[in-house]
Amino acid sequence: MTFAIKNNISWVGKIDWELRKFHGEEYSTHHGSSYNSYLIRDEKTVLIDTVWGKFSNEFVENLQKEVNLDQIDFIIINHAESDHSGSLPELMRHIPDTPIYCTSSGIDIINGHYHKDWNFNPVKTGDKLNLGSKDIVFIEAKMLHWPDSMMSYLTKDNILFSNDAFGQHLASELMYNDLVDQCELFREAIKYYANILTPFSSLVDKKIREVLALNVPVDMICPSHGVLWRKDPLQIVTKYAQWASGQAENQITVAYDSMWEGTRHMAEAIVQGISKEDPSVGVKLFNIARSDKNDLITEIFRSKAILIGSPTINNGILSSVAAILEEIKGLRFKNKKAAAFGCYGWSGESVRIISERLTESGFSLLNAGLKEKWSPGSEAIEHCLRFGQEVALQVKGP
Amino acid sequence: MDKYVCQLCGYVYDPMLGDPDSGIAPGTPFESLPENWVCPICGASKDDFQKE
């Protein structure tokens, strides 16, 4: 499958319908994904990015139907992660001398993966590659989301090939933002931002301002995953600016794990207390062990405050709770409030441990947490309701 | 002289080494780096660094 995007520009990527986990088992992809590769034909012919190595044979066969490989003058690798560079070894077997344009860091990463002596040409922001009647202009985007990441802008057609920025894990034969289900599209776009880009929000903000300051027309944004933004393409840039600002939605997420239901009863009462105090706040409740980790991270990303609950086990916390706290720490959320809760039998360390980890992760603690001994009775449930009410009041603010 | 860590990528600015690729001589304290100096690994600005 290939299709024409505009004039002499074709999509030559691969739709991965059956993908359900990405980055190994790290990231859930309920709607599959695509690896977008683009072929631009002017006086010169250039290929932008490839696809994941497991599809390299299909990719090259498909590409050969579109173009004689010997006619490819340049290859641009916007980002050297395996899902975009993985088909280089198979492609370069056919055209070993074709020059590859990427950042200097990209050269290191490609060498680190494939160990081949290819014809590399390092580029920096502002460098141009002339294709005849049009130019490709390179824009480095370090740590968005790897050190080598960059974007390529095609003049005259006004297309920004943004690589992972503005992408979504969404497989669709429709391939354009205006044709797909908008809820699915934005759910996948925010999930991508929350799970991949959150730690780099300050860079996202800076990069958006840098790109907008160039004041170049953008008719289309073509990312490396998911559908292409052709209708009002800057809407996703506006969303990214909003997400990068750290402004959360009016939402509180409560997430817990439980052994004999005690911490679950606490969580449910806390949620009732929150809703009673502030019916306008969106409140969501998840059992961490039974929820999709990445969907939960997305809900945390959207929230002003989070409450994390675990019973005490072996003087510590449940491993499911420890795992999500590790994830939360790495994502370096900003401007969020938090508190801990949990029941216990004898030692009762869980609330202190969770509170410490949330503090280390940059959350401001709302209180010292709430712990209840054994399975909560009516008095303990009353504490939980009040705890929820107090949290709602604090989050609402004056 | 203190070392500073980039909060985005983990790069450590060691004043004893400077950042010769960006024209920063060895022995330059973090505080004396020009305001437009950026992390050589990820492009983060000085604001994104914290004392080690």
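Please read these numbers as outputs of a predicted model, since none were measured by experiment.

Draft legend 1. Highlighting the sheet that holds strand 1 (residues 4-6) of chain B. Residues and elements named next belong to chain B. Strand order across the open sheet formed by three strands is 2-1-3, with antiparallel pairing between neighbours. Of all strands in the sheet, those with a lone pairing partner are strand 2 (12-13) and strand 3 (49-51), marking the two edges. In terms of strand pairing, strand 1 meets strand 3 through three bridges, oriented antiparallel. Bridge assignment links Val5 to a residue of strand 3, and that residue is Gln50.

Draft legend 2. Structural detail: a nonpolar patch on the surface. Residues and elements named next belong to chain B. On the surface, Met1, Met16 and Leu17 cluster together to form a nonpolar patch covering roughly 370 Å² of accessible area. Here Met1 is to be found in the segment before strand 1. For Met1, a relative accessible area of 59% corresponds to the exposed category.

Draft legend 3. Spotlight on the domain arrangement of chain A. Residues and elements named next belong to chain A. Here chain A is described as being made up of domain 1 (3-244) and domain 2 (251-392). Distance from the C-alpha centre of domain 1 to the C-alpha centre of domain 2: 38 Å. Tallying the contact residues gives 13 residues for domain 1 and 13 residues for domain 2. Interface area for domain 1 against domain 2, summed over the two sides, is near 1200 Å², with a carbon-plus-sulfur share of 52%. Applying the counting criterion to the domain 1 and domain 2 interface returns two salt bridges. Among the ionic pairs, Asp295 bridges to Lys191, the shortest N-O distance being 3.1 Å. Linking domain 1 with domain 2 are eight residue pairs in polar contact (both at pLDDT 80 or more). Counting residues per element, the side of domain 1 that touches domain 2 draws most heavily on helix 5 (residues 182-197), at five residues.

Draft legend 4. Representation of the interface of chain A and chain B within the structure. Counting residues at the interface gives nine residues for chain A, matched by eleven residues for chain B. Across the interface of chain A and chain B, roughly 690 Å² is buried in total on both sides, 51% from carbon and sulfur atoms. Its largest share of buried area at the contact with chain B, chain A owes to Lys142, Met143 and Lys206 of chain A, together 48% of the area lost on that side. Run the count over chain A and chain B and you get zero salt bridges.

Draft legend 5. View of helix 11 (residues 350-360) of chain A. All of the buried residues along helix 11 of chain A are Ser350, Val351, Ile353, Ile354, Ser355 and Leu358 of chain A. Positive phi shows up at Gly362 of chain A, right after helix 11 of chain A, with a value of about 90 degrees.

Draft legend 6. Looking closely at the pattern of salt bridges. Residues and elements named next belong to chain A. Scanning the model with the defined rule gives 21 salt bridges over all chains in all. Here Lys293 makes a salt bridge to Glu327, at a shortest N to O gap of 3.5 Å. Placement of Lys293 in helix 9 (residues 293-302) and of Glu327 in helix 10 (residues 319-331) is noted, with a sequence separation of 34 residues between them. Residue Lys293 is classed as partly exposed on the basis of its relative accessible area, which comes to 25%.

Draft legend 7. Summary view of the sheet that holds strand 12 (residues 128-130) of chain A. All names here are of chain A. Spatially, five strands are ordered 12-13-14-15-16 in an open sheet, and the strand pairing comes out mixed. A single partner strand is all that each edge strand has here, and the edge strands are strand 12 and strand 16 (220-223). Sheet twist, expressed as the average angle between the axes of neighbouring strands with direction ignored, equals 20 degrees. Sheet topology places strand 13 (residues 135-140) next to strand 14 (residues 150-154); five bridges connect them, and they run antiparallel. Among the inter-strand pairings, Val137 is bridged to a residue of strand 14, identified as Tyr153.

Draft legend 8. Structural view of the pairing of strand 15 (residues 159-163) of chain A. Residues and elements named next belong to chain A. Counting buried positions over the five residues of strand 15 gives five, a clear majority of the element. Side chains Ile159, Phe161 and Asn163 of strand 15 all project onto a buried face; the interleaved residues Leu160 and Ser162 project onto the opposite face, where all are buried too. Bridge analysis of strand 14 against strand 15 gives three bridges, and the strand direction is antiparallel. Directly across from Leu154, in strand 15, lies its bridge partner Ile159. Sheet analysis places strand 15 next to strand 16, joined by four bridges and oriented parallel.

So, how was this worked out
- Residues numbered from 1 in each chain as written.
- Chains lettered and ligands numbered in written order.
- Predicted model: local features only at pLDDT ≥ 70, side-chain atom pairs only at ≥ 80, totals over all residues.
- Heavy atoms only, no water.
- Pairing = 2+ DSSP bridges.
- Helix = DSSP H or I, 4+ residues; strand = E, 2+ residues; numbered from the N terminus.
- Patch = residues over 30% accessible without salt bridge, like charges linked within 9 Å, V, L, I, M, F, W, Y side chains within 5 Å.
- Areas by Shrake-Rupley, 256 points an atom, 1.4 Å probe, with all protein chains shown as cover.
- Salt bridge = Lys/Arg side-chain N within 4 Å of Asp/Glu carboxyl O.
- Buried < 20%, exposed > 50% of the residue type's maximum accessible area, 1.4 Å probe, protein only.
- Domains from an automatic or database assignment.
- Contact = heavy atoms within 4.5 Å.
- Buried area = accessible area lost by both parts, 1.4 Å probe.
- Polar contact = N/O pair within 3.5 Å; in protein donor to acceptor, adjacent residues only side chain to side chain.
- Axes fitted to C-alpha atoms, helices over the stretch in contact; angles between N-to-C directions.

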